Structures are given as structure tokens and as C-alpha cells.
Amino acid sequence: RHAPPGRDAAPGRDAAPGTGEDNPPMTAATQGLPAEDTATSLPRLLPRDGQRPEHWHAHTARHGRLPYRDRRGDLIGDLSAAGLTGRGGAAFPVHRKLSAVLDAAGKRRRAPVVIANGAESEPASEKDATLLWLAPHLVLDGLQLAAEAVGADQAILYTHVDRRNDVGRRLRQAIAERVAVGADRVAVQLAEAPPRFLSGQETALVSHLAGGPAIPTFMPPRITERGLLGAPTLVQNAETLAHVALIARHGPRWFRQVGTAAEPGSMLCTIRRADGAPRVVEVPLGMPLKALISDVRADQAVLIGGYHGSWLPAIEAVRLTLDNQSLAAAGARVGAGILLAPPPDRCALIETAAVVRYLALESAGQCGPCLNGLPRMAAALTEIAVGRQRGQTQADVERWAGLVTGRGACHHPDGTARFVRSALITFAAEVSRHQRGQCTGTSKRPFLPIPHGSARTEEDWV
Ligand SMILES: Cc1cc2nc3c(=O)[nH]c(=O)nc-3n(C[C@H](O)[C@H](O)[C@H](O)COP(=O)(O)O)c2cc1C
Ligand code: SF4
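Calculation notes
Residues numbered from 1 in each chain as written. Chains lettered and ligands numbered in written order. Predicted model: local features only at pLDDT ≥ 70, side-chain atom pairs only at ≥ 80, totals over all residues. Heavy atoms only, no water. Helix = DSSP H or I, 4+ residues; strand = E, 2+ residues; numbered from the N terminus. Buried < 20%, exposed > 50% of the residue type's maximum accessible area, 1.4 Å probe, protein only. Areas by Shrake-Rupley, 256 points an atom, 1.4 Å probe, with all protein chains shown as cover. 1 Å grid on protein atoms, 1.4 Å probe; cavity = no way out; pocket = protein on both sides within 12 Å on 5 of 7 lines; lining within 4 Å. Points joined across faces, edges and corners; volume = space filled by probe spheres on them. Nonpolar A, V, L, I, M, F, W, Y, C, P; charged D, E, K, R; others polar. Pairing = 2+ DSSP bridges. Axes fitted to C-alpha atoms, helices over the stretch in contact; angles between N-to-C directions. Contact = heavy atoms within 4.5 Å. Near = heavy atom within 4 Å. Polar contact = N/O pair within 3.5 Å; in protein donor to acceptor, adjacent residues only side chain to side chain. Sits in = over half its atoms within 2 Å of the grid points. Phe/Tyr/Trp six-rings, centres within 6.5 Å; stacked < 30°, edge-to-face > 60°. Lys NZ or Arg CZ within 6 Å of the ring centre and 35° of its normal. Disulfide = S-S within 2.5 Å. pLDDT = per-residue confidence, 0-100. Salt bridge = Lys/Arg side-chain N within 4 Å of Asp/Glu carboxyl O. Domains from an automatic or database assignment.

Caption draft 1: Focus on the overall build of the chain. Across its full length, the chain carries 16 helices and ten strands. Split into buried and exposed, the 462 residues of the chain put 57% on the buried side. Only carbon and sulfur atoms are counted for the fraction: they give 52% of the accessible area of the chain, which is about 18,400 Å².

As C-alpha cells, this is what we get:
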């Protein structure tokens, strides 16, 4: 979404000129991963040659036909045994959400709606766009199987229809391939997510699909009870659904052959190292971070989990593994699997201030924390970054971070506060330098991606 077409194209990749396969959203990499063709080998989700999009025939040749169960609810037990959690950021157990939707549908005698969330509104992430580009059928299989499990009569694939890389055209083509062979039992509608940070939040998504602005709504009711136009609604991240499609085929035991006992399976990560180019890799949960960021210097910092995530000194990050149990000890979370390490010539403090300003502008401004807290935190961080902080600026930021946390209709203020707090701790030495009028950054080229044009009025979310 944020890269010019083909910027990330890997040399020698297998592309078909003129078919639209010559501009993948980014590079899918499998370097350093175990060898293929065993039960535990990766990638599971991405095509094995890394670059060629899997069309219907290649998809079915590799994965087989859709394993419909012909019984509502049947898959939920397998998902529970597999221990699959959502890959959209919050790591919520998938079987619990499906059960909630199934129960609500039974109680209210109303057929549910299932939605694949491919909005990927986090600017630093590329994993969903890459998955949807390279393996759209796996996500669409998961959507069908989730629809069957909860008895849904409507299925929606919600994505940023990336016009430059034309992911939308790729997805329309995939849906048409399925219609041609009668693969789907529930018709799939493709819906466009506005290019805003909040548009992927589940209540914002439901509001937008119902014809309103893509801004979060207040709970209760939960969307699993009353979501799109009042129907019980299941929203799962696109990658989560791809895992559902594989668990339905291979079972929970197979799924657990990689990952940790507490956090099983694999996940897609977007890694941005010194050159800034994103690489998507599929890795087992519990993988040592040092294997993923091996070229990072001890004095660098690593951002884990994206713009709602946490900065950590690299020296601390390399002792951790990619799972919430390990990261929690350092106050971090896996989130949607984003790992960023700005090169030593950039000032991550200045870049963080720019991102916080972006996050403050992207808030829907309908709750106190976002209306009052985020703009103040953004202004204070700018003061700190330009070396003009007053005696109480940092104490103010800390106080506002505490005040906004847990007080919004969604987790946008919580995530922003976490990001800001971790920056002030990790970059404490740089903050002092800035106070003395110094800065370690020598390049002004931005490293942390910020989309062009931030929301100013409500129309921007519609
Ligand atoms: C501000 C904000 C933005 C979000 N953006 C996305 C997104 O772009 N894609 C996504 O899958 N989930 C996003 N989420 C999480 C969704 O609300 C929801 O929890 C998720 O889609 C559920 O899928 P999962 O359980 O499979 O992860 C966002 C949450 C917040 C608070
Ligand atoms: S917390 Fe912020 S972003 Fe979330 S709904 Fe309220 S105003 Fe909007």
C-alpha cells in the first residue's frame, strides 16, 4: 500500500507479465526457515515458491478441496483443540468467537454474517495484503468454513483495494474462479476499506459496511450478538481464516506441530530492516527474535507489534521469543507480527513523534481520550523530539498515557499510550541528547511508514 509498484519485487521471481502478477504487494521471504515437505515445514500459508500467486488449480492441487463438515458448529471443537488465536493483533481465541456467534444466532433465530478482515490499516504491516495476493483461496476457504461453522448466510471480504498493486482485481478474479467451479456455499461480497487507521477495527468495519462512517461504535452490544444490520457477526483477520482452512484439513495436532504449547502454530510477520523494505515471513510462534533481526546492532531499537506496540532496546529484544508469554515480560506483545528496526542513521525519537501525531489525527475524536489526550501527547512528544520540552513535559505525557488507557470505545488510545511510553523509556538517552541540542540521526529520510493525507473531517472515514 505504501510502496511504489514493484519496489519490493525480488530479482528472479516467477512473475507472469501482463497478468497482473508482476507487481506483488511486497516480498514474501522464507529465508532461514526449515526445509519444506514435512509436517512441520513452513511456509504453510504462503506459496512455497514465495512469489507466484496460487490460482484455484494450484491451490487445490496443494491443499485439496474444501473439507465442508455438513454440520454447524463441528469445526469449533477442532479450533479449540488447535489453540488458534486471532492474528489481527489481539490474539483472542478463535473458537470462543465462533461459539459466541453460533449461540447468538440460535437464541435470536437470525443467520449470522462472517467477515474476513483484510483491512490491514496498520501502515507498517504488509502481511495480509501479501497473503491475499499470493494465497487468496486459503482465506476464502477459511471464510466458507467459518460461515458453515456458525450457519452464516452472508460472507464479506473487507480489504483495502490497493489500486496500485490491484489486489482488488486479484481478489475478484479468485472469487470468480470459485464461482466457476461452484466451490462456495455462501456468496462472497468484496468490500472496500477506507485507507484509515481505524477502518480495520471491527465495530468501525461493521459501521462502514452498514453505510456509516468507518469509526468505532460503543459496546455493548458486542458485534457477535448484534453486528452488521443487527445480525450476529463474526469478524476474523484474513490470516486467521487461512489458518482455519488448514486446521479444517489437517487437524489440531498438525497445527500444534509448530509454535509453543501455549501459543501454537505459525504466523506471518512483516519485518522492516535497515533498507526499510518490508519482508513478509511465516514463522513459528516462539521463534527467537534474534533469528528474525539478526543484522540489528546492540545499540539499535526494535519496534515490536507496530504502532500500537512497544519499542525495546535490541539488546533486550534478542533475548526474547516471538510469543506473548515471552514478550509480556518486557511489556511487549506480538500484535499483528510487525518487527521494525530503524537504521542507526535515523532518529527514532523524531520518527515516533511523527507517528504519534499521525495516530492522534487518525482517531475518530469521539471519545475523551482521543479528543483530549492523544493531541496533547502528540504535541508533548514533538516538544521532546525538537528539544523544547519543559520541566513537566515527560510527567504530563506519563499522566495522559495513564488517563487515556482503557477509557475509549476502542483500544486506539491504549495502543498509542503503550507506543509512547515505550519510546520514552527506550530512547531516554536520546531524549537527553535532544535536550542538549544534539541528535544521533544523520538522515532525514523517514523510516517509519506514514500514509499520505490524514483524516480531517468525518467524510474522510466514509
Ligand atoms: C484501531 C484498531 C485498528 C484495527 N485494525 C485492524 C486491521 O486492520 N485488521 C485486522 O484484522 N484487525 C484489526 N483490528 C482488530 C479488529 O478490531 C478485530 O479484533 C480483528 O479483526 C479480529 O480478528 P482476529 O480475532 O482474527 O484477529 C484493529 C483494532 C483496532 C483497535
Ligand atoms: S477511543 Fe478514540 S479511536 Fe476509539 S472510538 Fe473513541 S475516539 Fe475513536
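Caption draft 2: Expanded view of empty space enclosed by the protein. What the rule picks out here adds up to two cavities of 30 Å³ or more. In this structure, the largest cavity occupies an estimated 80 Å³ of space. Lining the largest cavity are 13 residues, and of these Ala-364, Gln-366, Cys-367, Cys-370 and Cys-410 lie nearest its centre. Per-class residue counts for the lining of the largest cavity are eight nonpolar, five polar and no charged.

Caption draft 3: Representation of the sheet that holds strand β3 (residues 154-159) in the model. Read across the open sheet, the four strands follow the order β4-β3-β2-β5; overall the sheet is parallel. The outermost strands of the open sheet, each flanked by one partner alone, are β4 (188-192) and β5 (233-237). Each neighbouring strand pair of the sheet contributes to a mean axis angle of 25°, computed without reference to strand direction. Note that β3 and β4 share five bridges and pair parallel. Pairing of Leu-157 across the sheet is with Leu-190, part of β4. The strands that helix α5 (residues 136-150) touches are β2 (113-118), β3, β4 and β5; relative to β2, the one it contacts most, it runs at about 155°.

Caption draft 4: Looking closely at the site of ligand 1. Close to ligand 1 lie 18 residues, the nearest being Gly-88, Ser-121, Gln-236, Asn-237 and Thr-240. The separation between an oxygen atom of ligand 1 and a polar main-chain atom of Gly-88 is 2.7 Å. In this structure, an oxygen atom belonging to ligand 1 sits 3.1 Å away from a main-chain N or O atom of Glu-120. The cavity that encloses ligand 1 is the largest pocket. Per-element accounting of the shell around ligand 1 gives the leading share, three residues, to β5. Of the residues assigned to the shell around ligand 1, the class counts are four nonpolar, ten polar and four charged.

Caption draft 5: How the structure looks around the packing of aromatic side chains. Using the criterion set out here, one finds four aromatic pairs in the structure. A centroid spacing of 6.0 Å and a plane angle of 85° characterise the contact between Phe-197 and Tyr-358, whose relative ring orientation is edge-to-face. Of this pair, Phe-197 sits in the loop between β4 and α7 (202-209) while Tyr-358 is found in helix α12 (residues 348-362), placing the two residues 161 residues apart along the sequence. Accessibility expressed as a relative area gives 7% for Phe-197, which makes it buried. Three or more aromatic residues joined by ring pairs form one cluster here, namely Tyr-307, Trp-311, Phe-419 and Phe-427. For Arg-44, the ring lying beneath its charged end belongs to Trp-254, and the centroid distance is 3.7 Å. The side chain of Arg-185 reaches across the aromatic face of Tyr-68, ending 3.8 Å from its centre.

Caption draft 6: How the structure looks around the state of the cysteines. Per the stated rule, a full pass over the model turns up zero disulfides. Left without a disulfide partner, Cys-347 is nearest to the cysteine sulfur of Cys-439, which lies 3.8 Å away. By relative accessible area, which is 6% here, Cys-347 ends up buried. On the basis of relative accessible area, Cys-439 is assigned to the partly exposed category, the value being 36%.

Caption draft 7: Quick peek at the side chain of Ser-207. If you trace the backbone, Ser-207 turns up in helix α7. Separated by 2.5 Å, the side chain of Ser-207 and the backbone oxygen of Pro-213 make a polar contact. Setting aside chain neighbours within four positions, we find Ser-207 in contact with Gly-212, Pro-213, Ile-215 and Thr-217.

Caption draft 8: A look at the confidence of the model for the chain. Per-chain confidence: the chain averages 87 in pLDDT, with 88% of residues scoring 70 or above. Ignoring residues within four places in sequence, the model shows residues 1-23, a span with pLDDT below 50, making 50 contacts including any to other chains. The low-confidence segment residues 30-37 (pLDDT under 50) makes ten contacts with residues lying over four places distant or belonging to another chain.

Caption draft 9: Geometry of the pattern of salt bridges. For the structure on display, the rule yields 22 salt bridges. One salt bridge connects Lys-127 with Asp-128, and the closest N-O pair in it is separated by 3.1 Å. The pair Lys-127 / Asp-128 is uniform in exposure class, with both members buried. Glu-239 serves as the salt-bridge partner of Lys-127, at 2.9 Å between the closest nitrogen and oxygen. Separated by 112 residues along the polypeptide, Lys-127 in helix α4 (residues 127-134) and Glu-239 in helix α8 (residues 238-255) bring together distant segments of the chain. Owing to a relative accessible area of 1%, Lys-127 belongs among the buried residues under this scheme. Residue classification places Glu-239 among the buried positions, given a relative accessible area of 0%.

Caption draft 10: Expanded view of the site of ligand 2. Around ligand 2 lies a shell formed by Leu-198, Pro-216, Ala-364, Gly-365, Gln-366, Cys-367, Cys-370, Gly-408, Ala-409, Cys-410, His-412 and Pro-413. For ligand 2, the cavity whose grid points lie within 2 Å of the majority of its atoms is the largest cavity. For the shell around ligand 2, the class distribution of residues is eight nonpolar, four polar and no charged.

Caption draft 11: Local environment of the layout of surface pockets. Estimates place the volume of the largest pocket at around 1,400 Å³. Contributing to the lining of the largest pocket are 48 residues, with Gly-88, Gly-89, Ala-90, Gln-201 and His-411 lying nearest its centre. Here the lining of the largest pocket takes four residues from helix α15 (residues 412-426), the largest share from any one element. When the residues that make up the lining of the largest pocket are grouped by side-chain class, the tally is 15 nonpolar, 20 polar and 13 charged. Formed jointly, the lining of the largest pocket draws a minimum of three residues from each of two domains, domain 1 (38-255) and domain 2 (348-446).

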